[in-house]
Amino acid sequence: MDEFSENTVAEPRQPSIDPDEVAKFSAMAAEWWDPKGKFKPLHKFNPVRLGFIRDTACAHFALDGTARKPLEGLRVLDIGCGGGLVSEPMARLGASVTGVDASEANIKTALTHAREGGLDIDYRAGTAEGLLEAGVEPFDIVLNLEVVEHVADPAQFMKDTAALLRPGGLMIAATLNRTPKAFALAIVGAEYVLRWLPPGTHEFSKFLTPAEVAAPLQMAGLETDRPQGVSYNPVSDSWRLSDDTKVNYMLVARRPVSPGGG
Ligand SMILES: C[S@@+](CC[C@H](N)C(=O)[O-])C[C@H]1O[C@@H](n2cnc3c(N)ncnc32)[C@H](O)[C@@H]1O
Ligand SMILES: [Mg+2]
């Protein structure tokens with residue numbers, strides 16, 4: 001057993017995995033940390049979503065956002081963590097981070113990169129349902145970023161990730177909306193015209209509306225905020241928070257301390 005196999009959770013039945021999708025990401029695993037490589041869009045997108053995550057977490061848990069490590073003491077799950085583009089900054093903010101991805105190649109990249117940077121992150125190859133089967137302790141924060149549009153059963157995936165959130169905890173989900181504008185910008189524009197992403201990275205039919213992301217979370221007992229749009233500005237070549245949720249958006253959900261409120 002190599003060192004890496006110990007980082008695999010619950011091998012046998014992992015129904016959220018769509019093998020073609022995971023193979024697509026495994027094939028690009030070496031590129032995660034190349035800001036000019038295939039994950040360039042995520043690198044560009046990172047500052048705005050990291051700021052949003054930090055601010056939302058500090059507000060939710062009443063933390064001092066100006067502290068050097070404001071998330072100290074919080075357990076964060078980054079589900080579908082890829083190469084760790086969000087796990088690492090969360091660890092730098094003081095959180096105890098568990099990063100889980102269905103692709104072993106991605107986890108290898110993430111482990112290597114974190115070690116090189118002296119960061120201690122609990123990376124595991126696996127899935128949400130694997131964590132549930134393994135009986136992990138629920139997390140203070142669950143990050144569910146740009147993954148649900150790549151899984152086999154989105155509603156079940158959202159439900160499983162909700163089950164990994166403790167009472168009083170915070171989930172931040174992010175994905176692409178299923179609108180004509182998202183088709184034009186995220187698929188035609190980003191994949192075929194600008195070539196930001198390899199053609200075929202996204203399947204339009206797998207995009208989800210905010211209501212479709214929120215419904216399984218609400219059924220799992222979470223309360224959801226209004227979706228937060230994130231938009232690209234071609235003039236400044238940067239991303240910003242916006243009122244437009246038609247392409248990229250984030251959805252904040254909270255598990256009440258006691259069922260039915262509180
Ligand atoms: C677009 S990447 C997002 C990576 C990271 N969350 C980010 O935003 O930087 C999607 C990731 O989800 C992973 N993935 C796909 N299906 C999964 C599943 N069922 N469970 C866990 N991870 C999965 C892929 O391997 C890939 O690394
Ligand atoms: Mg995606």
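Residues numbered from 1 in each chain as written. Chains lettered and ligands numbered in written order. Predicted model: local features only at pLDDT ≥ 70, side-chain atom pairs only at ≥ 80, totals over all residues. Heavy atoms only, no water.

An unreviewed UniProt entry lists the protein chain under the name Ubiquinone biosynthesis O-methyltransferase, with Henriciella algicola as the source organism. Comment text from UniProt for the protein chain, heading Sequence similarities (unreviewed entry), reads "Belongs to the methyltransferase superfamily. UbiG/COQ3 family." Quoted verbatim from the Pathway (unreviewed entry) heading of the UniProt record, the comment on the protein chain is "Cofactor biosynthesis; ubiquinone biosynthesis." (UniProt positions renumbered as here; feature names shortened; annotations may be inferred.)

Tallying secondary structure elements over the protein chain gives 8 helices and 9 strands in all. Here the protein chain has a C-alpha radius of gyration of 17 Å; the compact-globule value for 262 residues is 18 Å, and the two agree. Considering only C-alpha atoms, the protein chain reaches an extent of 45 × 45 × 40 Å along its principal axes. Across the 262 residues of the protein chain, 52% fall into the buried class. Where the 26 positive side-chain charges of the protein chain centre and where its 35 negative ones centre are 6 Å apart. (Helix = DSSP H or I, 4+ residues; strand = E, 2+ residues; numbered from the N terminus. Rg over C-alpha atoms; globule rule 2.2 N^0.38 Å. Buried < 20%, exposed > 50% of the residue type's maximum accessible area, 1.4 Å probe, protein only. Lys, Arg positive; Asp, Glu negative; His and termini not counted. Charge placed at Lys NZ, Arg CZ, Asp CG, Glu CD.)

This next bit is on the site of ligand 1. What surrounds ligand 1 is a group of 21 residues, the closest being S16, R49, G80, D101 and L145. A distance of 2.6 Å separates a nitrogen atom of ligand 1 from a polar side-chain atom of S16. Contact between ligand 1 and R49: an oxygen atom at 2.7 Å from a side-chain N or O atom of the residue. Within the complex, 98% of the 610 Å² of free accessible area of ligand 1 lies under protein. Elements that contribute at least two residues to the shell around ligand 1 include exactly α1 (19-26) and α2 (40-60). The class makeup of the residues in the shell around ligand 1 is 10 nonpolar, 8 polar and 3 charged. (Near = heavy atom within 4 Å. Polar contact = N/O pair within 3.5 Å; in protein donor to acceptor, adjacent residues only side chain to side chain. Areas by Shrake-Rupley, 256 points an atom, 1.4 Å probe, with all protein chains shown as cover. Nonpolar A, V, L, I, M, F, W, Y, C, P; charged D, E, K, R; others polar.)

Before going further, it helps to spend a moment on the nonpolar core. Ranked by internal contacts, the top residues of the largest apolar core, which has 42 residues, are M90, Y123, I141, L143 and I172. Mapped onto this core, the elements with two or more residues apiece are α2, α3 (87-92), α4 (104-116), β3 (122-125), β4 (139-145), β5 (165-176) and β9 (248-254). Examining the composition of this core, we find that 7 residues originate from one element, α2, more than from any other. Sequence-distant contacts of M90, defined by excluding residues within four places in its chain, comprise L50, I53, L71, A95, V97 and L143. Grouped together as the second largest cluster of nonpolar side chains are 25 residues, V142, M158, L165 and V213 included. (Core = buried A, V, L, I, M, F, W, Y, C linked by side-chain atoms within 4.5 Å. Contact = heavy atoms within 4.5 Å.)

Let us now look at the coordination of the magnesium ion (ligand 2). Taken together, E149 (OE), H150 (NE2) and H202 (NE2) make up the protein donors of the magnesium ion (ligand 2), found 2.1 to 2.5 Å from the metal. One chain supplies every donor to the magnesium ion (ligand 2), and in sequence these donors are spaced E-H-x51-H. Of this pair, H150 sits in the loop between β4 and α6 (154-163) while H202 sits in the loop between α7 (180-193) and α8 (210-219); the two residues are 52 residues apart in sequence, bridging distant segments of the chain. (Donors = N, O, S within 2.8 Å, 3.2 Å for Na, K, Ca; no water.)

This paragraph deals with the UniProt feature "domain: Methyltransferase type" (unreviewed entry) in the protein chain. In the numbering used here, UniProt assigns the "domain: Methyltransferase type" (unreviewed entry) feature to residues 77-172. Split by type, residues 77-172 is 36% helix and 29% strand. Its first and last C-alpha atoms lie 11 Å apart.

On to the pattern of salt bridges, then. A full pass over the atoms with the stated rule returns 12 salt bridges. Between K44 and D237 there is a salt bridge, with the nearest N and O atoms lying 2.4 Å from each other. With K44 in helix α2 and D237 in the loop between β7 (228-233) and β8 (238-242), the pair connects residues that are 193 residues apart, well separated along the chain. Notably, a salt bridge pairs E212 with R178, separated by 2.8 Å at the nearest N-O pair. With E212 in helix α8 and R178 in the loop between β5 and α7, this pair connects stretches of sequence that are 34 residues apart. When its relative accessible area of 31% is taken as the criterion, R178 is described as partly exposed. (Salt bridge = Lys/Arg side-chain N within 4 Å of Asp/Glu carboxyl O.)

Below, the discussion takes up the side chain of E146. Tracing the chain through its elements places E146 in the loop between β4 and α6. One buried charged residue, E146, remains without a salt bridge, the closest side chain of opposite sign being R49 at 4.5 Å. If we ignore the near neighbours within four places in the chain, the residues touching E146 are L42, F45, R49, A174, T175 and N248.

Attention shifts here to the packing of α6 against α8. For the pair α6 and α8, interaxial distance at closest approach is 8 Å and the crossing angle is 45°. One finds that α6 runs oblique with respect to α8. The way α6 lies across α8 gives a crossing that is right-handed. Counted together, A155, M158, K159 and A162 of α6 and V213, P216 and L217 of α8 form the full contact between these two elements. Across the contact of α6 with α8, the residue classes break down as 6 nonpolar, no polar and 1 charged. (Axes fitted to C-alpha atoms, helices over the stretch in contact; angles between N-to-C directions. Parallel < 35°, antiparallel > 145°, perpendicular 65-115°, else oblique. Left-handed = near helix turned anticlockwise from the far one by under 90°.)

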